[in-house]
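These are the residues of each chain, in order.
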Amino acid sequence: MRLAILLSGRGSNFEAIHSAIATGALRATIVCVISNRPDARGVERARELGLSAHVFDHKRYPTRAAHEEDVLRVLAEAEPDFVVLAGYMRLLSAAFVAAFPHRILNIHPSLLPSFPGVDAQAQAVAYGVKVSGCTVHFVDENLDAGPILVQRAVPVRDGDSGDTLAARILEQEHEAYVEGRRIVFTD
Ligand code: GRF
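**Quick notes on the overall build of the chain**
Regarding its fold elements, the chain presents 6 helices and 7 strands. Listed by position from the N terminus, the elements making up the chain come as β-α-β-α-β-α-β-α-β-α-β-β-α. The globule rule puts the C-alpha radius of gyration for 187 residues at 16 Å, and the 16 Å found for the chain is close to it. Seen through its C-alpha atoms, the chain measures out along the principal axes to roughly 50 × 40 × 30 Å. Each of the 187 residues in the chain was classed as buried or not, and the buried ones make up 48%.

So this is what it looks like as structure tokens:
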């Protein structure tokens, strides 16, 4: 399976996928890594790993469509079977989603449909839920929405901050994304 990874930051989910491929836990190839942020650690790591890495800084484009046009061009050249959002902090247009029907996956650090959007872990702590977690789902044109593939629950502890909860959820994210991929990619 050919995977294209889209990310905006640290890239730990990307690295977890890369490691799962390296150990043979996941049978796939990363055909390209695309970032919308030039300073993303994930894109630097992709280069260190010798992967095809591209930056399209969304701030330099007049419209969302113009930015997506460049991303879609690289994706068309890379011919991925699946587009994997790994901390990609951009809402995809309906046209982008339509270009890869049921072939875009995302991971979100809450039990969707609770707490979509940014700072999901801090939202969970502020609300006072006792259980949160992470969700791997197919992407539709709405924010953090689409058919759910995998969820993992993580207890919220007394005294948790958004950051401490985020760290525990992240450990589960790394396994959940590989598990989600195995479900989708089973050939
Ligand atoms: C993760 O918490 C992911 O669920 C969210 O953004 C964060 C990205 O982390 N969408 P990383 O860049 O993969 O380390």
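**Here we look at the packing of aromatic side chains**
Evaluated as defined, the whole model comprises 2 aromatic pairs. Each ring, one from Phe96 and one from Phe100, has its centre 6.3 Å from the other, and the planes form 40 degrees; the classification is tilted. Taking relative accessible area as the criterion, Phe100 reaches 8% and is therefore assigned buried.

**Observations regarding helix α5 (residues 120-127)**
Owing to its 3.6 residues per turn, the α-helix aligns residues three or four sequence positions apart on the same side. Along α5, the residues that are buried comprise Ala120, Gln121 and Ala124. One side of α5 carries all its buried residues, which in axial view fall inside an arc of 105 degrees. Where α5 ends, the next residue or the one after it, Gly128, has phi of about 95 degrees, a positive value.

**Examining the site of the ligand**
Taken together, the neighbourhood of the ligand is formed by Arg10, Gly11, Ser12, Asn13, Gly87, Ile107, His108, Pro109 and Glu173. Within the contact set of the ligand, an oxygen atom lies 2.7 Å away from a side-chain nitrogen or oxygen of Glu173. Summarising the interface, the protein chains cover 87% of the accessible area of the ligand, which totals 370 Å² for the free molecule. At the level of elements, α1 (12-22) and β5 (104-108) are the ones that each hand at least two residues to the shell around the ligand.

**Quick notes on the sheet that holds strand β7 (residues 148-155)**
As summarised here, the arrangement of the 7 strands in space is β3-β2-β1-β4-β5-β6-β7, forming an open sheet in which the pairing is mixed. On the outer flanks of this sheet lie β3 (53-55) and β7, each paired with one strand and no other. Each strand axis lies, on average, 20 degrees off the axis of its neighbour in the sheet, ignoring direction. Strand direction decides the pairing type here: strand β1 (residues 2-7) and strand β2 (residues 29-35), joined by 6 bridges, are parallel. Bridging across to β2, Leu6 finds its partner in Ile34. The sheet contacts of helix α2 (residues 41-48) involve β1, β2 and β3, and relative to β3 the element is tilted by about 150 degrees.

**Some thoughts on the pattern of salt bridges**
Close approach of charged atoms allows side chains with opposite charge to pair. Applying the stated rule across the entire model yields 9 salt bridges. With a shortest N-O distance of 3.2 Å, Arg37 and Asp39 are connected by a salt bridge. Given a relative accessible area of 35%, Arg37 falls into the partly exposed group. The salt bridge partner of Arg45 is Glu48, with a shortest N-O separation of 2.9 Å. Placement of both Arg45 and Glu48 in helix α2 is noted, with a separation of 3 residues, approximately one turn of the helix. Residue Glu48 is classed as partly exposed on the basis of its relative accessible area of 47%.

**Looking at the environment of Ser12**
By the secondary structure assignment, Ser12 is in helix α1. Not counting the four nearest positions on each side in its chain, Ser12 is found in contact with Leu170 and His174.

Cut-offs and rules
- Residues numbered from 1 in each chain as written.
- Predicted model: local features only at pLDDT ≥ 70, side-chain atom pairs only at ≥ 80, totals over all residues.
- Heavy atoms only, no water.
- Helix = DSSP H or I, 4+ residues; strand = E, 2+ residues; numbered from the N terminus.
- Rg over C-alpha atoms; globule rule 2.2 N^0.38 Å.
- Buried < 20%, exposed > 50% of the residue type's maximum accessible area, 1.4 Å probe, protein only.
- Phe/Tyr/Trp six-rings, centres within 6.5 Å; stacked < 30°, edge-to-face > 60°.
- Arc of directions from axis to C-beta.
- Near = heavy atom within 4 Å.
- Polar contact = N/O pair within 3.5 Å; in protein donor to acceptor, adjacent residues only side chain to side chain.
- Areas by Shrake-Rupley, 256 points an atom, 1.4 Å probe, with all protein chains shown as cover.
- Pairing = 2+ DSSP bridges.
- Axes fitted to C-alpha atoms, helices over the stretch in contact; angles between N-to-C directions.
- Contact = heavy atoms within 4.5 Å.
- Salt bridge = Lys/Arg side-chain N within 4 Å of Asp/Glu carboxyl O.

That is the geometry; function is a separate question.
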